[in-house]
Amino acid sequence: MSISENITNLKKELPNHVCLVAVSKTKPIPNIMEAYNAGHRIFGENKIQEMVDKWEQMPKDIEWHMIGHVQTNKVKYMAEFVSLIHAVDSVKLLKEINKQAKKHERVIDCLLQIKIAKEDSKFGMTEADALALLNNASVKEFENVNIVGLMGMATFTENEAQLVSEFSRLKNFFDTHKTAFSFKTLSMGMSGDYKIAIAQGSTMIRVGSSIFGERYQ
Ligand SMILES: *Cc1c(COP(=O)(O)O)cnc(C)c1O
């Protein structure tokens with residue numbers, strides 16, 4: 001099936017409250033334009049330079065999401081246009097996003113990445129670290145960032161019970177603190193596990209290979 005068929009079919013399948021981020025990392029612009037021409041406008045990248053290159057060359061009504069780990073010294077390159085940063089994991093990073101957003105007179109939406117996977121390689125904060133960040137007095141004074149919710153990546157496994165347990169734990173944490181911190185977005189679910197993530201309460205899924213095909217890089 002083609003990219004436009006893949007994305008159109010996927011969107012038909014999604015409940016209305018679930019937002020689709022089409023993960024276009026490593027994919028060339030003509031591939032992304034196929035999804036764009038099928039009406040899609042929200043794309044996710046995990047490398048800042050690649051996202052900047054695509055932003056420069058592509059239509060300006062695209063919403064670009066940074067879904068990967070962010071190095072503090074690279075925030076300046078995306079501050080002008082990024083629409084949501086999914087993987088904030090420290091006060092230091094948030095402070096830099098706030099500073100760079102201010103230069104562009106913007107307020108940048110961010111998600112805190114919570115570590116839910118059992119694997120060590122995944123980034124993200126513990127629930128306790130996230131609460132400490134959310135309650136940090138200096139964070140409360142950042143006027144150019146808006147923490148709108150949480151993001152999590154489950155273990156890479158086909159064990160459904162484990163996926164259910166990791167996603168439901170994050171959903172629970174989200175619900176417990178939703179009102180206090182005005183959370184709106186819970187980003188969880190990728191090609192292999194988005195159905196389980198949605199069943200566990202995800203409001204935003206990040207899907208790459210099911211739309212664009214496998215990545216070889
Ligand atoms: C690459 C990536 C995805 C998409 O992965 P697929 O399995 O191709 O859907 C989702 N989230 C993050 C953080 C990624 O890096």
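The notes below deal with the structure included here.

Thresholds applied
Residues numbered from 1 in each chain as written. Predicted model: local features only at pLDDT ≥ 70, side-chain atom pairs only at ≥ 80, totals over all residues. Heavy atoms only, no water. Helix = DSSP H or I, 4+ residues; strand = E, 2+ residues; numbered from the N terminus. Expected span 1.5 Å × (residues − 1). Bend = angle between axes of the 7 residues up to and from the residue. Buried < 20%, exposed > 50% of the residue type's maximum accessible area, 1.4 Å probe, protein only. Contact = heavy atoms within 4.5 Å. Polar contact = N/O pair within 3.5 Å; in protein donor to acceptor, adjacent residues only side chain to side chain. Core = buried A, V, L, I, M, F, W, Y, C linked by side-chain atoms within 4.5 Å. Near = heavy atom within 4 Å. Areas by Shrake-Rupley, 256 points an atom, 1.4 Å probe, with all protein chains shown as cover. Nonpolar A, V, L, I, M, F, W, Y, C, P; charged D, E, K, R; others polar.

**Focus on helix H8 (residues 160-181)**
Reasoning step 1: Along its 22 residues, H8 runs 30 Å from first to last C-alpha, staying within 8% of the 32 Å computed at 1.5 Å per residue.
Reasoning step 2: Maximum bend of H8: about 30°, positioned at Asp175.
Reasoning step 3: For H8, the full list of buried residues reads Gln162, Leu163, Glu166, Phe167, Leu170, Phe173, Phe174, His177 and Phe181.
Reasoning step 4: Buried residues along H8 sit in contact with strand E5 (108-115), helix H6 (127-135), strand E6 (145-153), strand E7 (185-188) and helix H9 (194-199).
Reasoning step 5: For H8, the N-terminal cap is Asn159; the gap from its side-chain oxygen to the backbone nitrogen of Ala161 is 3.1 Å.
Reasoning step 6: At the exit of H8 stands Ser182, carrying a positive phi of roughly 50°.

**A closer look at the nonpolar core**
Reasoning step 1: If you look at the biggest cluster of nonpolar residues, it comprises 63 residues, and the most contacted ones within it are Met78, Ile85, Leu94, Ile97, Leu112, Leu150 and Ile211.
Reasoning step 2: With six residues, H8 is the largest single contributor of residues to this core.
Reasoning step 3: Once you skip the residues sitting within four places of it in the chain, Met78 turns out to touch Ile48, Met51, Met66, Val70, Ile85 and Arg106.
Reasoning step 4: By size, the runner-up hydrophobic cluster in this structure holds eight residues, among which are Val21, Leu111, Met151 and Met204.

**Regarding the site of the ligand**
Reasoning step 1: The full set of residues close to the ligand is Val23, Lys25, Ile67, Met153, Met190, Ser191, Arg206, Val207, Gly208, Ser209 and Arg215.
Reasoning step 2: Ser191 is positioned such that a nitrogen or oxygen atom in its side chain is 2.5 Å from an oxygen atom of the ligand.
Reasoning step 3: One of the backbone N or O atoms of Ser209 is found 2.8 Å from an oxygen atom in the ligand.
Reasoning step 4: For the ligand, whose accessible area on its own is 390 Å², the fraction buried by protein is 90%.
Reasoning step 5: Split into classes, the residues belonging to the shell around the ligand amount to five nonpolar, three polar and three charged.

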